[in-house]
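Summary of structural features
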Amino acid sequence: MLARKSIIPEEYVLARIAAENLRKPRIRDRPRKARFIAKNGACNLAHKNIREQGRFLQDIFTTLVDLKWRHTLVIFTMSFLCSWLLFAMMWWLVAFAHGDMDPSTENTSNSTKWTPCVTCVRSFTSAFLFSIEVQVTIGFGGRMMTEECPLAITVLILQNIVGLIINAVMLGCIFMKTAQAHRRAETLIFSRQAVIAVRNGKLCFMFRVGDLRKSMIISASVRIQVVRKTTTPEGEVIPIHQVDIPVDNPIESNNIFLVAPLIICHVIDKRSPLYDISASDLALQDLELIVILEGVVETTGITTQARTSYVAEEILWGHRFVPIVTEEEGVYSVDYSKFGNTIKVAAPRCSARELDEKPSILIQTLQKSELSHQNSLRKRNSMRRNNSIRRSNSMRRTNSSLIVPKVQFITPEGSQGASET
């Protein structure tokens, strides 16, 4: 250790470390803004300090449906067990009040023809088993009720009503949890990124949506909202300000026929919140575009809704989605492996307002892209020519190397004869 310290002085090491720290630029990443809607459609919202908790109990069915599966199953299991125990206690009290628990009645039953309220119920365990048989309607034949006690008939009717109510609530809750609308929305997919490109001479915001199932979504419609933090002229700060933006759809009803993946387009015009945003300003914008797809499931008739969002980092300027629908042997084929793939295209870097004020910007951009495309084609052609020339030269060299030299053969007479092989 002493030898290593003697090789490099300590002052030199400290000075070098300080110089390296000074050379490294200190870049502070901008804190990422919390999304209002996650990519999978879940709302990124936490409810706190709710004082009126009793409102959830007033709508008990919706509360049970919204609970997780493990909580729902625990609640129904406990409800069945509590109802069985409660009525088991009632059957035990009825038998005890009638004297069925007295051992003397069992000995005198043959002579005096003693008739109990419920046969073979002489302990709490047997009463619990009879309670289960009554509520679940399982008759084993060992225990049954007689017409001796009118109170027992009332308890039987009450337990049947309670059991039917618990069964109905349980079946309805399980059906609603298994057939919830967001389950169908799992097969409705959106592209991970959105693009901004020129379509029909206008800057457009576009994304792709598709359905993985063959069963269609009836009356499907798409809505786009921009969520951003705004401040009014009066100084009021609105943290979540929602603005609807129109979708370019030639159908007046705004419904889409989602039989194949579609590219949803929003024309950035004067009504759009993206009208004054350029390519350089997009990364600095604190906005989130929420996409909502609604429709009716064809098989179940339940209305479903799929959601996603795009922040500024997920919007590609000057890109376009690649086509994925092709016709193969009379059948339209969809290649979902290219669902989110994009290609770079020519697009002005200015905002839509500047493009409307100066239409020549678009013409210049297209001309530059055409020139660059021609230059790239020329470079490719020149590279191909050079490669062909190199190949021809290499072929000539190999052919010249394969030429066999002349060989002379000496005959026994001493004459020399040359022959070519």
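Above: the structure in question.
Keep in mind the model is a prediction, meaning the values are calculated, not measured. (Residues numbered from 1 in each chain as written. Predicted model: local features only at pLDDT ≥ 70, side-chain atom pairs only at ≥ 80, totals over all residues. Heavy atoms only, no water.)

Its location among the elements puts Q225 in strand β4 (residues 217-231). We classify Q225 as buried; its relative accessible area is 12%. In terms of polar contacts, Q225 uses its side chain to reach the side chain of D244, at 2.8 Å. Ignoring anything within four residues of it in the chain, the contact list for Q225 reads Q242, V243, D244, E288, L289 and I290. (Helix = DSSP H or I, 4+ residues; strand = E, 2+ residues; numbered from the N terminus. Buried < 20%, exposed > 50% of the residue type's maximum accessible area, 1.4 Å probe, protein only. Polar contact = N/O pair within 3.5 Å; in protein donor to acceptor, adjacent residues only side chain to side chain. Contact = heavy atoms within 4.5 Å.)

What follows covers the packing of aromatic side chains. In this structure the tally under the stated criterion is seven aromatic pairs. With centroids separated by 5.9 Å and ring planes inclined at 40°, the aromatic side chains of F80 and W84 adopt a geometry described as tilted. Linking F80 with W84, this pair stays in helix α5 (residues 69-98), spanning four residues, or about one helical turn. Ring plane angle 75° and centroid distance 6.3 Å describe the contact between F205 and Y310, whose orientation is recorded as edge-to-face. Taken together, the residues span a long stretch of sequence, with F205 in strand β3 (residues 202-211) and Y310 in strand β9 (residues 303-311) at a distance of 105 residues. Of the two residues, F205 and Y310, neither departs from the other in class, the shared state being buried. Grouping aromatic residues by their ring pairs yields a cluster made of F205, F207 and Y310. (Phe/Tyr/Trp six-rings, centres within 6.5 Å; stacked < 30°, edge-to-face > 60°.)

All right, on to unusual backbone geometry then. Positive phi, normally seen in glycine, also occurs at C120, with a value near 60°. Here C120 lies in the loop between α7 (109-112) and α8 (124-136). Positive phi outside glycine occurs at N200, with the angle close to 55°. Here N200 lies in the loop between β2 (194-199) and β3. Overall, N200 belongs to the exposed group, its relative accessible area being 74%.

Moving on to the environment of G295. Position of G295 among the secondary structure elements: in strand β8 (residues 287-297). The spatial distance from the C-alpha of G295 to the C-alpha of N255 is 9.1 Å, given a sequence separation of 40 residues. Contact partners of G295, with chain neighbours within four places excluded, come to I217, I218, S219, A220, I302, T303 and T304.

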